[in-house]
Amino acid sequence: MTDFNQSDRDRLQNLGEAIERARHEKDPMTEAPMTVGQSYSASRLGFEFMGAVLAGIGLGWLIDGAANTSPWGMLIGLFAGFIAGAANAWRTTMGIDRAVGLRPRENDTDGN
């Protein structure tokens, strides 16, 4: 067995002190509970994402039934719904409230 020298004892004591400090510090994630508005926003993102995916699957299913292309319409609808849901979630979290393509032109002086 190896004996501890003084530098090892000092490092061990510093580690013990750091652990005790960490135990007594409050976790910022547990200090502030989620507000009603934040929980509404989080659930809104989930519902909008799932709605887009389900709408894509539903439209793909309808196309499969009409064109007899099963399962390709549903698969394409699934991927399109996933992309639309992810894009919508990204726009919501970034605070962008306009649809793509509806941004005003940068050099537009007359408002058209």
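Preceding this paragraph is the structure being described.
Reading the values: the criteria
- Residues numbered from 1 in each chain as written.
- Predicted model: local features only at pLDDT ≥ 70, side-chain atom pairs only at ≥ 80, totals over all residues.
- Heavy atoms only, no water.
- Helix = DSSP H or I, 4+ residues; strand = E, 2+ residues; numbered from the N terminus.
- Buried < 20%, exposed > 50% of the residue type's maximum accessible area, 1.4 Å probe, protein only.
- Areas by Shrake-Rupley, 256 points an atom, 1.4 Å probe, with all protein chains shown as cover.
- Expected span 1.5 Å × (residues − 1).
- Contact = heavy atoms within 4.5 Å.
- Phe/Tyr/Trp six-rings, centres within 6.5 Å; stacked < 30°, edge-to-face > 60°.
- Salt bridge = Lys/Arg side-chain N within 4 Å of Asp/Glu carboxyl O.
- Patch = residues over 30% accessible without salt bridge, like charges linked within 9 Å, V, L, I, M, F, W, Y side chains within 5 Å.

Caption draft 1: Geometry of the overall build of the chain. Along its length, the chain carries 4 helices and 0 strands. From first element to last, N terminus to C terminus, the chain shows the α and β order α-α-α-α. Sorting the 112 residues of the chain into buried and exposed places 8% on the buried side. In the form shown here, the chain has an accessible surface area of approximately 9700 Å², with 62% of it arising from carbon and sulfur atoms.

Caption draft 2: Expanded view of helix α3 (residues 36–67). With 32 residues, α3 should cover 46 Å at 1.5 Å per step; its first-to-last C-alpha distance of 46 Å lies within 8% of that length. Those residues of α3 not exposed but buried are A52, V53, G56, G60 and D64. Where α3 is buried, its residues touch α4 (72–94). Directly after α3, the chain includes N68, whose backbone phi takes a positive value near 55°.

Caption draft 3: Examining the packing of aromatic side chains more closely. Taken as a whole and assessed by the stated rule, the structure comprises 1 aromatic pair. Ring geometry for F49 against F82: centres 5.4 Å apart, planes inclined by 80°, an arrangement best described as edge-to-face. Remark: F82 occurs in helix α4 and F49 occurs in helix α3; sequence separation between them is 33 residues. You can call F49 partly exposed: its relative accessible area is 22%. The class of F82 is partly exposed, set by a relative accessible area of 46%.

Caption draft 4: Representation of the pattern of salt bridges within the structure. Counted by the stated rule, this structure contains 2 salt bridges. For R11, the salt bridge goes to D8, with nearest N and O atoms at 3.8 Å. Within this pair, R11 and its partner D8 are both found in helix α1 (residues 6–24), separated by 3 residues, close to a single helical turn. Taking relative accessible area as the criterion, D8 reaches 26% and is therefore assigned partly exposed. With a closest N to O distance of 2.9 Å, E48 and R44 form a salt bridge.

Caption draft 5: Up close: the environment of G60. Looking at where G60 falls in the secondary structure, it is placed in helix α3. Using a relative accessible area of 3% as the deciding quantity, one classes G60 as buried. Between the alpha carbons of G60 and L78 there is a distance of 7.5 Å; along the sequence they are 18 residues apart.

Caption draft 6: Quick look at a nonpolar patch on the surface. Taken together, the side chains of L59, W61, L62 and M74 present a nonpolar region at the surface, about 430 Å² in accessible area. Among the elements that make up the nonpolar patch, the one with the highest residue count is α3 (3 residues). Mapped onto the secondary structure, L59 falls in helix α3.

Note that all results are geometric; they support no functional claim without further evidence.
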